[in-house]
Amino acid sequence: MDAINQHGNIAKRGDLPETMRALVQRSHHGPSDLVLTHHRRPTARPGDYLIRVGAAGVNFADVMQSRGTYGNGPTPPYVAGFEAAGEIVGVGRDVEDPLPIGTHVIGAGPGAFAEYLVMPHHGVLTVPSGWSDAAALGMVLNWATALAALRPLGEIEAGETVLVHAAGGGVGQAAVRLARHYGARVVATASPAKHDAVRTLGADEVLDSTRPDLAEALTQVTDGVDLVLESVGRDTFGTSLAATKPFTGRVIVFGDSSGSAALTTHDLVFTCQVQVKGLHIGALAVSAPALYRSLVSELRTLIEDGVYPPGTPETHPLGEGPAVLRDLETRRTRGKHALDPSR
Ligand SMILES: NC(=O)c1ccc[n+]([C@@H]2O[C@H](COP(=O)([O-])OP(=O)(O)OC[C@H]3O[C@@H](n4cnc5c(N)ncnc54)[C@H](OP(=O)(O)O)[C@@H]3O)[C@@H](O)[C@H]2O)c1
C-alpha cells in the first residue's frame, strides 16, 4: 500500500526507520577512514526515488573519492558509495510516470553504501526480470559506460582494432565483451594476474599494463589502433595517443585511475592528431537523455540476446567495505565486488 507523506512524496506504507546503517567517510585519508555507523535515513527529494538498497557496487571511483581525487565530490563527512540496486520505497515529487513502489531498480547516486539511498530518477534502470539486485550491479557504471564509449562516442566498426586499458576491471571486462560482440579486434592491457580472465572474455592480445615498454609492445601487435578506451590517465595516456591512428583514431577518456595526465601529454593531442572525447555516464543521463535511453534499450537487447549475462559479484557485509576498497586500491581484486547492507 502506498501513502502520501508530509512532504507530498509517495512512500510505502509501513515503518521506514529514521536512521540506517551506513559507511561514512570521515576525512579524505583513504578507505581506512570509512566507518560503519548509524546515520539519518535520506528522504526522496523532488525528482528522486528512495531505494532500500539490496546490493551496493564497489567501484574504483569509491577509492578515488575516499582520497578526495574524484571530480567535484562531497566534503567529509558523507555516506560513501556511488552504485546500488534495490527496491523503490519512496518517490519524490516531479517524477514523470514514476515506476511503482516495490520495483527493483539499479542506478548511480551518492550515498550507496547504506541501507537507504536516494537516486535521481533519470538514470534509473529496472532490474531485469529473474535477476537479483546484486546480479544487476554494473548495468550503469560498467556496461552503459563501456557501451557509450564504444558505440555513440567511439563509433566502433567491425574489423577495427580497439585498445582497452584496465581490461580486468568492471568497465574493462564489459568493454572487451562488447567490442568482440561488435566485431572488433581487442588489444587489452591488465596486470599479469588478470590476463587469463581477460583472454577468456575474448581479447585477442593481452599486454602487461605495468611494463615500462608498453608503447613498444603495442607496436609489435598493431600498426595503429582505431579506438582507445582510456581510463588509466597519467600512466597510459601518452602511450594511448601515440598508439592511435592519426586523423581517424579516437580516444575516449572516462577515468584517471593512475592520476591526471593533462600536464604531461597535452601537446600529444595535436602532434598525434587524434580525436579525444570525454565521457561521464551520470552526466550523459542528464545532458543527453535521448542518447541515454537508446543506450538502455541497446543494453536490454544485449541482455535478451545473452551477450550480457547476469553479474556474479563477490558480496561482502557492509562493514567489510573499507577492506574491499583497500584491496581495490592495491589492485588485488578480480571481477566485481558488492556490499550487502543487510549484513
Ligand atoms: N566516466 C564515467 O562515467 C566512468 C564510469 C565508470 C568508471 N569510470 C572510471 O573508469 C575506471 C575503471 O573503473 P572500474 O569501476 O572498471 O574500476 P575497477 O573495476 O575497480 O578496475 C580498475 C582497474 O584499474 C586498474 N588500475 C588500478 N589502479 C591503477 C593504476 N594506478 N594504474 C593503472 N591501472 C590501475 C586495475 O587494473 P590492472 O590491475 O589490471 O592494471 C583495475 O582493474 C576508473 O578510473 C573509474 O573512475 C568512469
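Let us look at the structure shown here.

1. Overview of the pairing of strand β11 (residues 161-164)
Here is step 1 of the chain: Residues Thr161 and Leu163 of β11 are buried on one face, and the alternating residues Val162 and Val164, pointing to the opposite face, are buried as well.
Here is step 2 of the chain: One ladder, built from 4 bridges, connects β11 with strand β12 (residues 185-190); its direction is parallel. Across the sheet, residue valine 162 finds its bridge partner in β12, namely valine 186.
Here is step 3 of the chain: The β-α-β motif built from β11, the intervening helix α4 (residues 170-181) and the parallel element β12 has right-handed crossover chirality.
Here is step 4 of the chain: Here β11 pairs with strand β14 (residues 227-230) via 3 bridges, running parallel. In the sheet register, valine 162 faces β14, and the bridge partner there is leucine 227.

2. A word on the site of the ligand
Here is step 1 of the chain: Residues in close proximity to the ligand total 28 residues, the closest being Gly170, Val171, Ser191, Ile281 and Arg331.
Here is step 2 of the chain: Leucine 279 is positioned such that a nitrogen or oxygen atom in its backbone is 2.9 Å from a nitrogen atom of the ligand.
Here is step 3 of the chain: Protein coverage of the free-state accessible area of the ligand, which is 900 Å², stands at 91%.
Here is step 4 of the chain: Of all the secondary structure elements, the ones that give two or more residues to the shell around the ligand are α1 (60-66), α3 (139-153) and α4.
Here is step 5 of the chain: Grouping the amino acids of the shell around the ligand by side-chain chemistry returns 12 nonpolar, 12 polar and 4 charged.
Here is step 6 of the chain: Taken domain by domain, the makeup of the shell around the ligand includes at least three residues from each of domain 1 (2-138 + 313-340) and domain 2 (142-283).

Criteria and thresholds
Residues numbered from 1 in each chain as written. Predicted model: local features only at pLDDT ≥ 70, side-chain atom pairs only at ≥ 80, totals over all residues. Heavy atoms only, no water. Buried < 20%, exposed > 50% of the residue type's maximum accessible area, 1.4 Å probe, protein only. Helix = DSSP H or I, 4+ residues; strand = E, 2+ residues; numbered from the N terminus. Pairing = 2+ DSSP bridges. Right-handed = clockwise from strand over helix to strand, strands pointing away. Near = heavy atom within 4 Å. Polar contact = N/O pair within 3.5 Å; in protein donor to acceptor, adjacent residues only side chain to side chain. Areas by Shrake-Rupley, 256 points an atom, 1.4 Å probe, with all protein chains shown as cover. Nonpolar A, V, L, I, M, F, W, Y, C, P; charged D, E, K, R; others polar. Domains from an automatic or database assignment.

So, to be careful, I would describe these as geometric facts and stop short of saying anything about function.
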